[in-house]
Structure formats: C-alpha cells, structure tokens
Amino acid sequence: MQAPVPVASIRMREVLGHFASGIVVITATTPAGPVGFTCQSFASLSLDPPLVSFSPARTSTTWPVIRGIGKLGVNVLAEDQRDVSAAFARSGTDKFAGVAWRPGPGGAPLLEGTCAWLDCELWNEYDGGDHTIAVGHVLDLAADPTKAPLVFHRGSYGIG
C-alpha cells in the first residue's frame, strides 16, 4: 500500500478556512501586569465537568506566561471588536493600550464590550503538532445577548 501524500499547509488553511469560527482573546494577570493573545481555535469541550479548549501556537511567547499563572480569562469578541482582535494578535506591543477591561472573578482581565466571557483554570495540555491543545476548567461565565460575535471566515472577518 502506498503512503498517502502529505497535505500541504497552504491547502489545509485554504480548505479549513471555509469553517467559520469565532475569535477569542485569552488573558491573565501577571505580577508585571495583564497579558493576552488572540486565538481563533476555541471550542466548548464538556458540560460535565465544564471544559473549553483552545490552541495557542507553539511559537507563542504569551502562552507560557499564562500557563505559569494557571488562571485565565476567555473573552469572546463582539463583531465590532476587529481592532481588539488585531491588537492582541501582535507581538512586542502593549496589547492593552486603549482597551478597557476589569478583573474577572479569578483575576484575569475581562475585556469590555465582548459578547461573552469565561473565567477558567488550566485543566490540562496536550500535544497538538505546531500548537498546544489547552483545556480550561470553567469556573464562571456570562454573556451579553444583545451582542453578535466577531466571525472569521475564508481569511477575513465576517461571512462573505
């Protein structure tokens, strides 16, 4: 039997771009101040116990800091928060500059204007190739039903 031809990264990105996803910002509070990063790979995992998953890139310099804290916030961005998504996707900048936030129940920053937030503790991590699959145990959460989520589809924001 012949081995299958490996799937090219660019082809994988192109095809899976047809799957619309929301955008979240994962946050934590460190002794030096708040940290966070934009994450597109987020999902509900379990209702009992209440678990969610997200997958930071192995190249992330922010995820190891948040991992060390162990408590994190998941901020589900609203459709009018494209600028927040872009700001938290950048490296080497003050990602919180001009972004209003408040401490969540566990201390992680909860960004103002989101359509939902979750307060979590790191449950476990798994190998996910060029990403880490992180699982968070949900301790508290809330949503604003008047806000629609920011959606990413086919390489850009929105469905189109």
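This text goes with the structure placed above it.
In what follows, the accompanying structure is described. Since the model is a prediction, treat every value here as computed from it, not as a measurement.

Basis of the calculations
Residues numbered from 1 in each chain as written. Predicted model: local features only at pLDDT ≥ 70, side-chain atom pairs only at ≥ 80, totals over all residues. Heavy atoms only, no water. Helix = DSSP H or I, 4+ residues; strand = E, 2+ residues; numbered from the N terminus. Buried < 20%, exposed > 50% of the residue type's maximum accessible area, 1.4 Å probe, protein only. Contact = heavy atoms within 4.5 Å. Polar contact = N/O pair within 3.5 Å; in protein donor to acceptor, adjacent residues only side chain to side chain. Core = buried A, V, L, I, M, F, W, Y, C linked by side-chain atoms within 4.5 Å. Pairing = 2+ DSSP bridges. Axes fitted to C-alpha atoms, helices over the stretch in contact; angles between N-to-C directions. Arc of directions from axis to C-beta.

As a further point, take the environment of tyrosine 126. Its place among the elements puts tyrosine 126 in strand 9 (residues 116-128). Given the relative accessible area of 41%, tyrosine 126 is considered partly exposed. When the C-alpha atoms of tyrosine 126 and alanine 86 are compared, they prove to be 27 Å apart, with 40 residues separating the residues in sequence. Sequence-distant contacts of tyrosine 126, that is, excluding residues within four places in its chain, are made with Thr132, Ile133 and Val135. Engagement of the side chain of tyrosine 126 in a polar contact is seen with the side chain of asparagine 124, the distance being 3.3 Å.

Here we come to the nonpolar core. Formed by 20 residues in total, the largest nonpolar core has its most connected members in Ile26, Phe54, Ile66 and Leu72. At the level of elements, strand 2 (24-30), strand 3 (33-39), strand 5 (51-54), helix 2 (63-69), strand 6 (71-76), strand 9 and strand 10 (131-143) are the ones that each hand at least two residues to this core. The residues touching isoleucine 26, leaving out its near neighbours within four places in the chain, are Val35, Gly36, Phe37, Cys39, Phe54, Ile66, Leu72, Gly73 and Val74. One finds Val25, Val84, Val99 and Leu150 within the second-largest nonpolar core, a separate group that totals 10 residues.

In this section: the pairing of strand 4 (residues 42-46). Pairing analysis gives four bridges linking strand 4 to strand 5, with the strands arranged antiparallel. By the bridge assignment for strand 5, phenylalanine 42 is matched with phenylalanine 54. Two successive antiparallel strands, strand 4 and strand 5, enclose a turn made up of four residues.

Turning next to the sheet that holds strand 4. In spatial order, the strands read 3-2-6-9-10-5-4; together these seven strands make up an open sheet with antiparallel pairing. The open sheet terminates on both sides in strands that have one partner only, identified here as strand 3 and strand 4. For this sheet, the mean inter-axis angle between neighbouring strands, taken without regard to orientation, is 35 degrees. Sheet analysis places strand 9 next to strand 10, joined by 12 bridges and oriented antiparallel. Bridged to cysteine 120 within strand 10 is valine 138.

For sheets, the rule is that strands pair by backbone hydrogen bonds, running either parallel or antiparallel. What the three strands build is an open sheet, ordered 1-11-12; its pairing is antiparallel. Each of the sheet's edge strands pairs with one partner strand only, and the pair in question is strand 1 (21-22) and strand 12 (156-157). Both strand 1 and strand 11 (residues 151-153) contribute to a ladder of two bridges, which runs antiparallel. Opposite glycine 22, over in strand 11, you have valine 151 as the bridge partner.

Attention shifts here to helix 3 (residues 82-89). Taken as a whole, helix 3 has its buried residues at Val84, Ser85, Ala87 and Phe88. Take helix 3 and look down its axis: the buried residues cluster within an arc of 165 degrees, on one side only. Among the exposed residues of helix 3, those oriented more than 90 degrees off its buried face are Asp83 and Ala89. Looking at the buried residues of helix 3, the elements they touch are strand 2, strand 3, strand 8 (109-111) and strand 12.

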